[in-house]
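# An overview of the molecular structure
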Amino acid sequence: MKKTTLLIGLSTLFFVYAEAQQKKAQPKKEGTPKQEDTLQVIKSGLSSDPAFVWKTNQDEAQAICSKYRSREEMPGKDLQKVIQLSQADVKYPQYGLYWGDWKEGKKVVESPRGGRFAGYGFSDNPMDKGGNCYACHLIEKGVPGGTMGPNLYQYGKRWGVTKENMNTPEGMEKLRAVYNIVYNSWSAFPCSSMPRFGYHGGLSPNDVANIVAFLLHPESPVNK
Ligand code: HEC
């Protein structure tokens with residue numbers, strides 16, 4: 001896995017972007033990161049800024065994934081270890097798992113504004129987050145999307161979620177299973193290239209609950 005190359009590539013891209021933005025000298029909008037802050041992060045090279053230093057160290061699960069070129073090469077013991085570490089990390093909403101608001105989930109799914117290393121961290125703008133799910137998935141009928149991940153159209157139907165069973169223990173188990181995948185994809189697909197959204201703090205438990213409602217709810221356009 002070439003995570004380091006990707007990180008360097010992304011940082012370079014951002015640097016070029018930041019320079020271009022500086023030249024444009026646009027009027028400041030509410031929630032826009034301060035230029036001094038952005039420059040400080042770039043100069044720190046990510047290695048000394050406390051807000052970013054954690055990204056330069058591999059966690060235990062990543063270190064295991066990095067030992068192998070693909071999941072297929074991984075021995076069962078290491079697959080299990082990554083799943084176990086990732087499951088232990090999953091956090092649920094404060095008052096427990098619930099069916100979120102699929103309309104709110106749809107907004108986060110469609111927003112590409114998530115996980116950008118310089119934007120996230122010192123922006124107070126609550127819309128500065130998103131799942132960018134369409135980059136890798138086809139989801140609603142007729143909406144273009146990526147094919148790195150599986151097609152999620154009619155995902156709730158495929159799980160057999162109906163109006164009648166969604167609030168039964170069976171329906172809640174399905175909700176939990178998909179919540180775990182979206183919160184930390186490695187809890188079900190060890191070392192996946194799907195981001196570990198909740199683990200990285202890119203999405204909150206309530207965001208994840210709303211997204212899962214968008215994928216599974218019988219009334220969501222995903223299941224029409
Ligand atoms: C960088 C690409 C990428 C992004 C972005 C991404 N995914 Fe995925 N996703 C994948 C891949 C790849 C898989 C297949 C898992 C595997 O085998 O590693 C997957 C699997 C899934 C699955 C499980 C499908 C199944 O087979 O049951 C769900 C659900 C899912 N993604 C939802 C989402 C949602 C919701 C978002 C946005 C919040 C998202 N994904 C963003 C790449 C991505």
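To be clear, the structure that these remarks concern was listed above.
About the cut-offs
- Residues numbered from 1 in each chain as written.
- Predicted model: local features only at pLDDT ≥ 70, side-chain atom pairs only at ≥ 80, totals over all residues.
- Near = placed C-beta within 6 Å.
- Helix = DSSP H or I, 4+ residues; strand = E, 2+ residues; numbered from the N terminus.
- Nonpolar A, V, L, I, M, F, W, Y, C, P; charged D, E, K, R; others polar.
- Core = buried A, V, L, I, M, F, W, Y, C linked by C-beta atoms within 7 Å.
- Buried ≥ 20, exposed ≤ 12 C-beta atoms within 10 Å, placed from the backbone.
- Contact = placed C-beta atoms within 7 Å.
- Axes fitted to C-alpha atoms, helices over the stretch in contact; angles between N-to-C directions.
- Parallel < 35°, antiparallel > 145°, perpendicular 65-115°, else oblique.

Next up on the list: the site of the ligand. In the neighbourhood of the ligand, 22 residues make up the surrounding shell, with Gly131, Cys133, Cys136, Gly149 and Ser192 lying closest. Going through the elements one at a time, helix H7 (169-183) and helix H8 (205-216) are the ones with two or more residues in the shell around the ligand. Partitioned by chemical class, the residues of the shell around the ligand number 16 nonpolar, 6 polar and no charged.

Here we come to the nonpolar core. Membership of the largest hydrophobic core comes to 24 residues, with the highest contact counts inside it found for Tyr179, Val182, Val208, Ile211, Val212, Leu215 and Leu216. For this core, the secondary-structure elements that each account for two or more residues are helix H5 (102-110), H7 and H8. For this core, the element with the highest residue contribution is H8, accounting for 8 residues. Apart from residues lying up to four places away in sequence, Tyr179 is in contact with Leu97, Val208, Ala209 and Val212. Within the second largest apolar cluster, 5 residues are counted, among which are Cys65, Val82, Trp186 and Cys191.

Running from amino to carboxyl end, H5 crosses H8 at an angle of 100°, the nearest separation of the two axes being 7 Å. Overall, the two elements H5 and H8 adopt an arrangement that is roughly perpendicular. Residues Trp102, Glu104, Gly105, Lys106, Val108 and Val109 of H5 form the contact with H8, whose participating residues are Asp207, Asn210, Ile211, Ala213 and Phe214. Here the residues of the contact of H5 with H8 are counted per class, giving 6 nonpolar, 2 polar and 3 charged.

Leaving glycine aside, a negative phi is the common case for residues, and trans is the common case for peptide bonds. In this model, Asn132 sits at a positive phi of 55°, which is unusual for a non-glycine residue. Positive phi, normally seen in glycine, also occurs at Gln154, with a value near 60°. Its place among the elements puts Gln154 in the loop between H5 and helix H6 (155-158). Judged by the 15 C-beta atoms lying within 10 Å of it, Gln154 is partly exposed.

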